[in-house]
Amino acid sequence: MKDTYDFLIVGQGIAGTVLSYTLLRKGKSVLVISSPHHSAATRVAAGLFNPVTGKQLKKTWLAQELFPFLHRFYPEMEKTLGIRFFYPTVIYRPYRSVQEQNDWMARSSELKEWLRTDTDDAHYRRFTPAPYGGLETLHAGYIDTNLLLDRYAAYLHQRKALREEVFDYDRVEILPDKKGVRYGAYRARYLIFCEGAHGRFNPFFKDLPFNCVKGEILDIELPEALPFIVNQGVSVIPFRGEARAKVAATYQWKPLDEVPTQQARQELIEKTRDLLSIPFQVKGQKAGIRPATRPRRPFVGLHPQYPALGIFNGMGSKGISLTPFFAQQFYEYIENRKPLHEEVDIAKYFKKQ
Ligand SMILES: Cc1cc2nc3c(=O)[nH]c(=O)nc-3n(C[C@H](O)[C@H](O)[C@H](O)COP(=O)(O)OP(=O)(O)OC[C@H]3O[C@@H](n4cnc5c(N)ncnc54)[C@H](O)[C@@H]3O)c2cc1C
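Residues numbered from 1 in each chain as written. Predicted model: local features only at pLDDT ≥ 70, side-chain atom pairs only at ≥ 80, totals over all residues. Heavy atoms only, no water.

Participant: Give me the state of the cysteines: which residues, what numbers.
Facilitator: In a disulfide, the sulfur atoms of two cysteines are held together by a covalent bond. Per the stated rule, a full pass over the model turns up zero disulfides. With no disulfide of its own, C212 lies closest to C194 among cysteine sulfurs, the gap being 15 Å. On the basis of relative accessible area, C212 is assigned to the buried category, the value being 5%. (Disulfide = S-S within 2.5 Å. Buried < 20%, exposed > 50% of the residue type's maximum accessible area, 1.4 Å probe, protein only.)

Next comes the structure, spelled out in structure tokens:
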């Protein structure tokens with residue numbers, strides 16, 4: 001292992017994975033420090049990417065930029081790692097009523113790049129009751145997050161670019177004259193924190209307005225593989241063409257812990273019963289904490305007082321869609337001084353002080 005790097009990255013959830021990969025592809029030297037004893041929301045997540053969300057069918061913020069980018073990024077990463085973890089899959093959304101059918105049909109022309117209303121409902125009705133028909137969301141899908149994190153960890157290990165240990169903030173030493181940072185035996189130009197919800201305890205970025213949210217998810221077994229994602233209130237997401245799926249997710253602000261609850265299990269089971277016309281059996285349940293933020297935008301940037309320190313966090317419930325595009329932006333910002341999107345740039349939080 002070397003002792004001098006361009007970047008030290010703390011955390012190997014989806015944020016640290018995508019950012020460190022982006023930097024390595026740009027020829028930068030990187031050491032990732034990530035703790036196997038800290039939880040990672042990415043390991044709980046359903047891995048969904050969906051450009052049109054919510055009851056009101058809203059186009060995701062920056063969908064035009066994020067989705068074409070991620071559809072190039074993940075397949076390229078699959079080639080490098082020699083695995084399949086990226087599953088572009090249509091999302092079927094049954095209408096709840098004739099009223100909703102009319103409303104959404106009317107709205108779908110604004111979103112025609114993302115939605116299809118001339119669906120073959122008979123195909124979907126084998127799996128989900130859809131008395132009023134439904135629509136399809138395009139450019140959507142899911143990734144197998146655990147496979148990605150495991151294989152990427154192995155990729156980093158091969159390059160001696162991963163240390164599995166708890167990061168100790170007290171050992172950070174900022175070097176004078178913008179010469180970077182020292183951490184124990186290591187020296188780097190930049191130290192970037194990607195700690196997910198644990199980031200709310202980071203002493204260097206403690207004033208950023210995190211608003212973390214607990215979420216729970218079920219693993220279910222089905223009689224056969226589900227060939228699409230189905231969404232209405234919750235999402236049932238197929239898994240690698242196998243006769244199993246994930247049901248995501250609940251939202252809970254208190255208590256902010258990672259303990260699965262009977263209440264969430266019941267809520268998810270009831271919603272799944274409404275959504276599937278085939279039987280299912282619950283095989284597992286997990287809880288995690290989303291690194292959400294009050295402004296509902298990621299936190300990206302360098303610390304105004306200590307510019308050797310940076311943050312790439314606050315991905316909320318959309319880490320899969322947000323990280324590829326913003327990792328590229330962060331790289332361009334650091335290396336080529338191109339401005340960050342103003343809504344993610346952390347500079348504004350420090351100006352207010
Ligand atoms: C139930 C549920 C379902 C979800 N479903 C989806 C979904 O379908 N699609 C989607 O896009 N998003 C989903 N999300 C949100 C998604 O999980 C997050 O957006 C994303 O995982 C955040 O990634 P991250 O890398 O920032 O954080 P994390 O995945 O939490 O990773 C943080 C990493 O930092 C490490 N770390 C932290 N502190 C330290 C330390 N001091 N020392 C060393 N290492 C440290 C941890 O070990 C961990 O590896 C879901 C979340 C939940 C809870």
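The structure having been displayed, the exposition proceeds.
Participant: I'd like to hear about the packing of aromatic side chains, residue by residue, with values.
Facilitator: Within this structure, the stated rule accounts for 29 aromatic pairs. Taken together, a centroid distance of 5.3 Å and an interplanar angle of 5° make the contact between F49 and F86 stacked. Pair noted here: F49 is in strand β3 (residues 48–49) and F86 is in strand β6 (residues 86–88), with a separation of 37 residues, a long-range link. Consider the rings of F330 and Y333, whose centres lie 6.5 Å apart with planes at 25°: the pair is stacked. (Phe/Tyr/Trp six-rings, centres within 6.5 Å; stacked < 30°, edge-to-face > 60°. Helix = DSSP H or I, 4+ residues; strand = E, 2+ residues; numbered from the N terminus.)

Participant: Before we move on, can you summarise the domain arrangement of the protein chain with the specific residues and values?
Facilitator: What the domain assignment lists for the protein chain is domain 1 (4–44 + 146–210 + 294–351) and domain 2 (88–139 + 211–290). Taken together, the 12 residues of domain 1 in the interface contact 11 residues of domain 2. With both sides pooled, the region where domain 1 packs onto domain 2 buries about 990 Å², and carbon together with sulfur makes up 58% of that total. In terms of surface lost to domain 2, no three residues of domain 1 exceed V44, A197 and R200, which account for 43% of the buried area on that side. (Domains from an automatic or database assignment. Contact = heavy atoms within 4.5 Å. Buried area = accessible area lost by both parts, 1.4 Å probe.)

Participant: Hey, could you go over helix α8 (residues 319–336) for me, with residue numbers and the actual values?
Facilitator: Taking 1.5 Å as the rise per residue, α8 with 18 residues should run 26 Å; its terminal C-alpha atoms sit 24 Å apart, in good agreement. For α8, the principal kink sits at F325 and spans about 25°. The element α8 is largely enclosed, with a buried count of 16 among its 18 residues. (Expected span 1.5 Å × (residues − 1). Bend = angle between axes of the 7 residues up to and from the residue.)

Participant: Outline the sheet that holds β3, supporting the account with residue identities and numerical values.
Facilitator: Judged by pairing direction, the sheet is antiparallel, and its three strands sit side by side in the order β3-β10-β6 without closing on themselves. Where the open sheet ends on each side, the last strands, each with one partner, are β3 and β6. Of the strands in this sheet, β3, β6 and β10 (141–143) touch helix α3 (residues 63–81), which is tilted by about 140° from β6. (Pairing = 2+ DSSP bridges. Axes fitted to C-alpha atoms, helices over the stretch in contact; angles between N-to-C directions.)

Participant: Give a description of the nonpolar core that names residues and reports values.
Facilitator: Of all hydrophobic cores here, the largest spans 59 residues; its most connected members are Y74, I192, F312 and F330. Of all elements in the fold, only β1 (4–10), α1 (14–25), β2 (30–34), α3, α6 (145–158), β14 (186–193), β20 (299–302) and α8 reach the threshold of two or more residues within this core. Split by domain, this core shows at least three residues from each of two domains, domain 1 (4–44 + 146–210 + 294–351) and domain 2 (88–139 + 211–290). Apart from residues no more than four positions distant in its own chain, F330 is found in contact with L19, I192, V300, G301, L302, I311, F312 and L340. (Core = buried A, V, L, I, M, F, W, Y, C linked by side-chain atoms within 4.5 Å.)

Participant: Tell me what's going on with the environment of P260, and back it up with residues and numbers.
Facilitator: Structurally, P260 can be placed in the loop between β18 (242–248) and α7 (262–275). A residue is classified by how much of its surface remains accessible, and P260, at 38% relative accessible area, is partly exposed. Between the C-alpha atom of P260 and that of Q305, which follows or precedes it by 45 residues, the distance is 40 Å. In contact with P260, other than residues within four places in its own chain, are E216, Q285, K286 and A287.

Participant: Let's hear about the packing of α3 against α8: which residues, and what values?
Facilitator: If you want to describe how two helices pack, look at the angle between their axes and the distance between the axes. Two numbers describe how α3 lies on α8: the axes approach to 8 Å, and their chain directions differ by 85°. In this view, α3 runs roughly perpendicular relative to α8, as classed from their interaxial angle. Two secondary-structure elements touch here, α3 through E65, L66, F67, F69, L70, F73 and Y74 and α8 through G319, I320, S321, L322, T323, P324, F325, F326 and Q328. Across the contact of α3 with α8, the residue classes break down as 11 nonpolar, four polar and one charged. (Parallel < 35°, antiparallel > 145°, perpendicular 65-115°, else oblique. Nonpolar A, V, L, I, M, F, W, Y, C, P; charged D, E, K, R; others polar.)

Participant: Please provide a residue-by-residue account of α7, values included.
Facilitator: A rise of 1.5 Å per residue sets the reference length of α7, with its 14 residues, at 20 Å; its end C-alpha atoms lie 20 Å apart and thus fit the reference within 8%. Within the sequence span of α7, burial applies to A264, L268, I269, T272 and L275. The buried residues of α7 occupy an angular sector of 130° when the element is viewed end-on, so they sit on one face. Of the exposed residues in α7, the ones pointing more than 90 degrees away from its buried face are Q262, Q263, R273 and D274. If you follow the buried residues of α7, they end up packed against β7 (91–94), β15 (213–221), β16 (229–232), β17 (234–239), β18 and β19 (281–290). (Arc of directions from axis to C-beta.)

Participant: Lay out the pattern of salt bridges in plain terms, naming residues and giving numbers.
Facilitator: In total, this model carries 20 salt bridges according to the counting rule given. As a salt-bridge pair, R43 and D150 come within 2.7 Å of each other at their nearest N and O atoms. Highlighted residues: R43 in helix α2 (residues 41–44) and D150 in helix α6, separated in sequence by 107 residues. R43 sits in the partly exposed class, given a relative accessible area of 30%. (Salt bridge = Lys/Arg side-chain N within 4 Å of Asp/Glu carboxyl O.)

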